[in-house]
Amino acid sequence: MISKKHRLIVYAVSVQLLVVAIVCYAAFPVPTPEEPIRLMYQTNAGKVLFDHQMHATVKGYALACTDCHHLHGGEEIEPVSCGVCHPPRPQGAQIPESCLDCHADAAEIEKPDIMKRSDAFHKQCIGCHEEFGKGPQSGSNNCSKCHVL
Amino acid sequence: MNNAKKLLVSHAPFWHIGSAVPERHYNTIIAALPAVLMGISVFGVPALAVICLSVSSAVGWELLITRLSKRPNTVGDGNAALIGLLFGMLLPATATWWLVITGTFVAILIGKQIFGGIGGNPFNPAVLAYAIVRISWKNYFDIDAQLLNIDFAFPAFNPLVALKAFGPDAISQLNLGDLLIGHQIGGIGAVSGLAIIVGGVYLIARGFVRWEIPLAFIAGLFITAGIFHIVDPSRYAGPIFHLVAGYTLLGAFFLAPEDSSSPVNAIPMLLYGAMGGLMTMLIRNIGAYPDGVIYAILVINLINPLLDKIRPKALGKAA
């Protein structure tokens, strides 16, 4: 038995829910945090979920920024996303492809080539995990310890 | 068994007791609310937006499609709202608005109206819609990737993905009690097994869901997961983990027992539920998807007409 009353109630509730949805979508989007909480790297060998907060705060391993993000010209700078410099870079981005794009004096740069992003990550992640002897270690059979296909 | 009093019928006029299709749908919506509220408490305002948009857009599509096809307006029976609510409960909290609207369109049109409306659908519309949009835009259903920017007070990774990719060691740190309460990431309405059980018990107690399907689903999953675990505990997680993780309980209490896509007799219901649990575990343990509930339910929906053939013999003889 579907009465007119039922219909009117559904209409009224649906309109109200629609208004709530529009307000919530428009006014309360999930903000992108200033410092990443978790990062997901989509790679050819599968995705890698990296818990940035766990590595960088006292909730976890409390690493300093410069333990992973390197210094620039010997000075600490505001950490930037690794993908900004390490290729492959975002399409159309106006960023240097080599240290020598900005630094005129080649003598002041030890290694002008910027390491590929995957090599940089592998070196960084595996190196640290091996140093501490915890978590996924290096080895050709250990890809699936981090990469999820 | 043959209670003589039950067979007594007084003469006309009769009075309708007021129980009808809408009551069933509204009660199912009420039963789902604890799980929805738990989801909103875990994920915050974005989850509220998804649920509200899912319900309202499903009702909107129902109204539009019944108008265009010149069918009776069935918005008042609450079925569209229920489909919208269940679809929203399956989504990640950060689902974009167009994904929600497209999903409810698929649920109402392809899941329900294309088969003639309520009672004619061979598949659970919300489940079918989820499967279609998930295949179409799989990255939007990657729970880990979708919830990167939300800070949680518990380990924030999809436990079923971690289990499939890294094995039982990866989930050994998780407390099963915490998972049951809702300290896990997943679909908005699927994170709190406890809230789902509360709603499910209410539906069973009120007679809107027969106990056979949820119980057989859980038993089928439990036994299958147990066998896998006993055979190789280093590769397969235990049955309790599978019970409290992912869409298991939502599937058992709210998705599998959908009216027109589930059997009506006791033995078929038991078989239907048990096969759902079995298929879920087969997909989770040896299939490609981390969570098999959605596809398991589609499969048992498919065999539902066959199971319905198992029925008591009719009295009397054909001439």
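Residues numbered from 1 in each chain as written. Chains lettered and ligands numbered in written order. Predicted model: local features only at pLDDT ≥ 70, side-chain atom pairs only at ≥ 80, totals over all residues. Heavy atoms only, no water.

Turning next to the domain arrangement of chain B. All names here are of chain B. Taken domain by domain, chain B holds domain 1 (22-140) and domain 2 (155-307). Centre-to-centre separation of domain 1 and domain 2, based on C-alpha positions: 21 Å. Listed as interface residues are 36 residues of domain 1 and, on the opposing side, 33 residues of domain 2. Both faces combined, the contact of domain 1 with domain 2 buries some 2,900 Å², and carbon together with sulfur accounts for 67% of it. Contact with domain 2 buries area across many residues of domain 1, yet Arg24, Leu90 and Val127 alone supply 18% of it, more than any other trio. Scanning the region where domain 1 abuts domain 2 turns up two salt bridges. With a shortest N-O distance of 2.5 Å, Arg24 and Asp259 are connected by a salt bridge. Our enumeration of links across domain 1 and domain 2 arrives at 13 residue pairs in polar contact (both at pLDDT 80 or more). (Domains from an automatic or database assignment. Contact = heavy atoms within 4.5 Å. Buried area = accessible area lost by both parts, 1.4 Å probe. Salt bridge = Lys/Arg side-chain N within 4 Å of Asp/Glu carboxyl O. Polar contact = N/O pair within 3.5 Å; in protein donor to acceptor, adjacent residues only side chain to side chain.)

Taken residue by residue, the interface counts 31 residues in chain A and 38 residues in chain B. In total, chain A and chain B occlude about 2,900 Å² of area from one another, counting both sides; carbon and sulfur atoms represent 69% of this. A salt bridge links Asp151 of chain B to Lys59 of chain A, with the nearest nitrogen and oxygen atoms 3.4 Å apart. Run the count over chain A and chain B and you get eight residue pairs in polar contact (both at pLDDT 80 or more).

Right, let's talk about the packing of aromatic side chains for a bit. Residues and elements named next belong to chain B. Within this structure, the stated rule accounts for eleven aromatic pairs over all chains. Here the aromatic rings of Phe43 and Phe152 are separated by 5.8 Å at their centres, their planes lie at 90°, and the arrangement is edge-to-face. Note that Phe43 is positioned in helix α1 (residues 21-43) and Phe152 in the loop between α6 (143-146) and α7 (159-166), a separation of 109 residues in sequence. Each member of the pair, Phe43 as well as Phe152, is classed as buried. With centroids separated by 5.1 Å and ring planes inclined at 80°, the aromatic side chains of Tyr130 and Phe141 adopt a geometry described as edge-to-face. Note that Tyr130 is positioned in helix α5 (residues 125-136) and Phe141 in the loop between α5 and α6, a separation of eleven residues in sequence. One exposure class covers both Tyr130 and Phe141, and it is buried. (Phe/Tyr/Trp six-rings, centres within 6.5 Å; stacked < 30°, edge-to-face > 60°. Helix = DSSP H or I, 4+ residues; strand = E, 2+ residues; numbered from the N terminus. Buried < 20%, exposed > 50% of the residue type's maximum accessible area, 1.4 Å probe, protein only.)

Taking 1.5 Å as the rise per residue, helix α4 (residues 97-110) of chain B with 14 residues should run 20 Å; its terminal C-alpha atoms sit 19 Å apart, in good agreement. For α4 of chain B, every residue scored as buried is listed here: Leu99, Val100, Gly103, Thr104, Val106, Ala107 and Ile108 of chain B. Structurally, α4 of chain B contributes buried residues whose contacts are with α1 (4-27) of chain A together with α2 (45-68), α3 (79-90) and α5 of chain B. (Expected span 1.5 Å × (residues − 1).)

Turning our eyes to something else, we now look at unusual backbone geometry. In this model, Ala12 of chain B is joined to Pro13 of chain B through a cis peptide bond whose omega is 5°. Mapped onto the secondary structure, Pro13 of chain B falls in the segment before α1. One non-glycine residue with positive phi stands out, namely Ala62 of chain A, at about 50°. For Ala62 of chain A, the location among the structural elements is in the loop between α2 (52-56) and α3 (117-132).

Here we come to the packing of helix α10 (residues 212-231) of chain B against helix α13 (residues 266-286) of chain B. Residue and element names in this part refer to chain B. At a minimum axis separation of 7 Å, α10 and α13 run at an interaxial angle of 35°. As α10 runs across α13, the sense of the crossing is right-handed. Of the residues that constitute the contact of α10 with α13, the class distribution is 15 nonpolar, seven polar and one charged. (Axes fitted to C-alpha atoms, helices over the stretch in contact; angles between N-to-C directions. Left-handed = near helix turned anticlockwise from the far one by under 90°. Nonpolar A, V, L, I, M, F, W, Y, C, P; charged D, E, K, R; others polar.)

Let us now look at the nonpolar core. All names here are of chain B. Core analysis: the largest hydrophobic core is formed by 87 residues, its most contacted members being Phe43, Met89, Phe152, Leu250 and Phe254. Each of domain 1 (22-140) and domain 2 (155-307) accounts for three or more of the residues forming this core. Leu179, Ala237, Val244 and Ala245 belong to the second largest nonpolar core, which has twelve residues in total. (Core = buried A, V, L, I, M, F, W, Y, C linked by side-chain atoms within 4.5 Å.)

Residues and elements named next belong to chain A. With antiparallel pairing, the three strands of this open sheet are ordered in space as β1-β2-β3. Lying at the two open borders of the sheet, with one neighbouring strand each, are β1 (39-43) and β3 (147-148). Bridge count between strand β2 (residues 46-50) and β3: two bridges; the pairing is antiparallel. Opposite Lys47, over in β3, you have Val148 as the bridge partner. (Pairing = 2+ DSSP bridges.)

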